[in-house]
Structure formats: structure tokens, C-alpha cells
Amino acid sequence: MARIGITTTVPVEIILAAGHTPVDLNNIFITSPDAGRMVETAEEAGYPRNICGWIKGLYAVVVNKELNAGFGGIDKVIAVTQGDCSNTHALMETYELAGVETIPFAYPFDRDYDLLKLQMEKLMDVLGTDWAAVNAVKKQLDKLRLQVAEIDRLTWQANTVNGFNNHLYQVSCSDFNSDAGVFAQDVDRFLTVAGNACEYAEELRLGYIGVPPIFTDLYPYLETMGARVVFNEVQRQFAMPFATADLVEQYRLYTYPYGVFGRIKDIEAEIERRNLDGIIHYVQSFCFRQIEDMILRQKLAVPILTIEGDNPGRLDARTRLRLDSFLEMLR
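A quick note: this is a predicted structure, and the numbers were derived from the prediction, not measured.

(A) Up close: helix 8 (residues 131-156). Over its 26 residues, helix 8 extends 36 Å from the first C-alpha to the last, a length consistent with the 38 Å expected when each residue adds 1.5 Å. Buried within helix 8 we find Val134, Val137, Lys138, Leu141, Leu144, Arg145, Val148, Ile151, Asp152, Leu154, Thr155 and Trp156.

(B) Here's a closer look at unusual backbone geometry. Even without being glycine, Phe176 reaches a positive phi, approximately 55 degrees. Tracing the sequence through the fold places Phe176 in the loop between helix 9 (163-171) and helix 10 (180-195). By relative accessible area, Phe176 is classed as buried at 0%. Despite not being glycine, Asn177 has its phi angle at roughly 55 degrees, a positive value.

(C) Representation of the nonpolar core within the structure. Counting 91 residues, the largest nonpolar core has Ile78, Met120, Leu127, Tyr251 and Leu323 as the members making the most contacts within it. Once residues within four sequence positions are removed from consideration, Met120 is found in contact with Pro11, Ile14, Phe105, Trp131, Leu247, Val248 and Tyr251. If you look at the next biggest cluster of nonpolar residues, it comprises 14 residues, including Val260, Ile264, Leu276 and Leu300.

(D) Broad picture of the sheet that holds strand 7 (residues 278-284). Reading across from one edge, 6-5-7-8 is the order of the 4 strands in this open sheet, with parallel pairing throughout. On the outer flanks of this sheet lie strand 6 (227-232) and strand 8 (304-309), each paired with one strand and no other. Here the average twist between neighbouring strands, direction ignored, is 30 degrees. Across 5 bridges, the pairing between strand 5 (residues 204-209) and strand 6 is parallel.

(E) View of the side chain of Thr255. Examined against the element boundaries, Thr255 turns out to sit in the loop between helix 13 (247-253) and helix 14 (260-274). Among all residues touching Thr255, those that are not within four sequence positions of it are Arg111, Gln237, Gly262, Arg263 and Asp266.

(F) Seen up close, the layout of surface pockets. Estimated volume of the largest pocket: approximately 770 Å³. Lining the largest pocket we find 40 residues, and of these Asn26, Asn27, Ile30, Trp54 and Pro212 sit closest to its centre. Taken together, the elements giving at least two residues each to the lining of the largest pocket come down to helix 2 (25-31), helix 4 (53-63), helix 9, helix 11 (218-224) and helix 12 (233-238). Across the lining of the largest pocket, the residue classes tally to 22 nonpolar, 13 polar and 5 charged. Surrounding the second largest pocket, Asp142, Arg145, Leu146, Ala149, Ala239, Met240, Pro241, Phe242 and Ala243 form its lining. Partitioning the lining of the second largest pocket into residue classes produces 7 nonpolar, no polar and 2 charged.

About the cut-offs
- Residues numbered from 1 in each chain as written.
- Predicted model: local features only at pLDDT ≥ 70, side-chain atom pairs only at ≥ 80, totals over all residues.
- Heavy atoms only, no water.
- Helix = DSSP H or I, 4+ residues; strand = E, 2+ residues; numbered from the N terminus.
- Expected span 1.5 Å × (residues − 1).
- Buried < 20%, exposed > 50% of the residue type's maximum accessible area, 1.4 Å probe, protein only.
- Core = buried A, V, L, I, M, F, W, Y, C linked by side-chain atoms within 4.5 Å.
- Contact = heavy atoms within 4.5 Å.
- Pairing = 2+ DSSP bridges.
- Axes fitted to C-alpha atoms, helices over the stretch in contact; angles between N-to-C directions.
- 1 Å grid on protein atoms, 1.4 Å probe; cavity = no way out; pocket = protein on both sides within 12 Å on 5 of 7 lines; lining within 4 Å.
- Points joined across faces, edges and corners; volume = space filled by probe spheres on them.
- Nonpolar A, V, L, I, M, F, W, Y, C, P; charged D, E, K, R; others polar.

Here it is in C-alpha cells:
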């Protein structure tokens with residue numbers, strides 16, 4: 001059994017079917033008390049200042065033995081070379097320079113079924129599994145994903161789950177916290193509590209779009225200001241809220257890797273369904289996805305505030321002021 005790091009959501013069913021442990025490097029990085037030190041470690045190794053903080057964190061999580069000892073380290077990494085960060089190619093090369101084995105995986109930009117299936121089968125060959133084992137794992141994970149979808153429903157419809165927990169349980173579906181069995185027990189416990197919780201009565205219902213935030217206190221801050229995030233776009237996509245028995249089709253329906261216009265259709269549907277008052281669009285410093293903000297602003301018919309983050313930490317004073325002004329404008 002190997003501990004296999006992933007740089008973003010990949011067909012985790014294949015990793016589990018092969019008997020390995022998936023580890024989402026992003027989640028390890030952002031939840032670490034040493035997250036800031038990880039960014040500094042990458043810069044000390046030679047990463048430029050004007051490179052995404054997430055990329056630098058992913059590098060240090062894998063390469064720095066002192067910082068990664070607490071979670072068992074990483075044996076090899078599956079890196080998404082198409083459909084995620086444009087810096088991943090160079091990240092792979094710096095992994096290889098440090099002696100870390102990397103496995104490429106690419107989402108075809110046009111959602112081509114055959115090309116995606118080919119990528120999955122190549123990954124199966126590398127890891128040592130087959131379709132029968134993978135589909136068996138998929139059936140197990142489908143049940144767990146339905147439970148996470150119920151957490152999402154309790155957020156926007158029953159109003160008994162806060163924005164952070166909605167974010168947390170959905171984003172955790174990228175690797176199921178490296179142990180699907182333990183994660184399932186955690187989800188069961190949370191659903192029991194959330195199903196009997198009092199309703200939130202916030203003034204404003206917000207959507208959050210873009211990659212998960214590098215800020216550590218965004219959700220609780222919004223709630224202290226009388227607003228609640230009831231839609232986490234990319235995190236919900238990580239949880240795969242799609243009813244299909246076909247694994248290839250499941251990862252074709254997943255919007256994140258395939259361009260902004262497919263994402264917009266999903267966002268528009270959820271704006272109406274969840275009765276959103278406004279959208280917070282998070283962009284990461286030095287990320288190519290900042291360019292997509294101009295498209296989102298033209299296509300989405302609700303007020304949008306774009307905020308930018310660089311390194312892990314609490315909201316800065318300027319961003320808090322902009323959030324306050326946006327919420328007051330919505331009121």
C-alpha cells in the first residue's frame with residue numbers, strides 16, 4: 001500500500017481499488033499549523049515569490065520531510081497536467097528533482113469520453129487494478145457521496161448547516177480524508193446533529209465560487225456579519241453530486257477541469273435553486289483563473305464581489321472592509 005498524493009480531484013476510485021491511500025495535498029497544506037512555513041520553505045528552495053501559494057504549499061508538503069512527518073509522508077504523486085493549475089508541469093519537475101515519483105493524469109478539455117476513459121485505464125495500469133474493482137469501489141463511494149449531498153441540502157434548504165461545514169465535508173470528498181470508512185462515520189455523526197439543529201436566520205444568502213479559499217476565517221467572518229454561504233461551487237463539484245453508474249460519465253459531468261462556460265451553467269442553476277443574494281468569487285494571486293472573472297461578471301446576473309488571496313492566514317483588513325461594504329450593498 002502506497003500513500004499517493006493528489007494535486008487536485010482525480011478518479012479516487014482507482015487509487016482505492018488498487019489498495020492505496022489517497023492524500024489530497026491541498027487539504028494537508030491548508031489545515032497544517034505550519035502552512036505559512038511551507039510557503040517559505042518552497043521559496044527558500046527556489047520557488048519565485050510571484051507563484052501561487054497553493055503550488056508552493058504542495059511542493060513543501062511532499063518534499064520537506066520535517067514538515068510532512070506528522071501525516072506519514074507521500075510515496076508518489078498523481079499530478080493533473082490538464083484541467084487544473086497551469087503551474088503543475090513545473091511542480092512535477094521539481095518533485096522529480098527531489099526524487100519523488102510522479103504520475104500524470106489529464107482531463108481532456110473538450111470532455112471527450114474516449115480520451116477520458118483512456119486516461120483512467122492508463123492510471124489503472126500504473127496502479128495495478130481493473131474496471132471490476134474500480135466499479136465496486138464506486139458503488140461504495142456513491143452511498144457516501146449521497147450522504148454528503150444531504151449535508152449540502154441541509155445547508156441551503158433546511159438551513160441547519162453553516163458555510164464552513166458545507167465547505168469542509170464537500171472538499172474532503174477529494175480523498176475522503178484518506179480513510180473512507182472513518183470519514184463515513186464522521187458524516188453519520190454530523191448528519192445526526194445537523195438534522196436536529198436549529199435553523200439559521202441570516203439576512204443574506206451567498207454563493208462562493210472559485211477554488212477553495214486560502215483564507216482560514218472567511219466563513220465564520222461572514223456569519224458574524226449576518227450572511228451565510230449556502231453554495232460552495234467547486235467544493236460541491238469535488239463531492240460529485242451526479243447520479244450516474246458510469247465512472248467516466250461521472251468525471252465528464254464534473255465541471256472544474258473543463259472550462260468556465262460549463263461551470264457557469266451549474267452556477268446559474270444553483271443561484272436560482274438556492275435563492276442567492278450575491279456571489280463571492282475567490283481568486284488566488286498569480287493564478288490564470290483570475291482572467292475568468294471578466295467572463296463570470298458578464299454572464300452571471302447577481303452581484304459579485306471578487307476577493308484575492310495570496311498566502312494562508314486570516315482575512316486582511318482590506319478584504320474585511322470590502323466584504324462589509326458588499327454585504328451592506330446587498331442589504
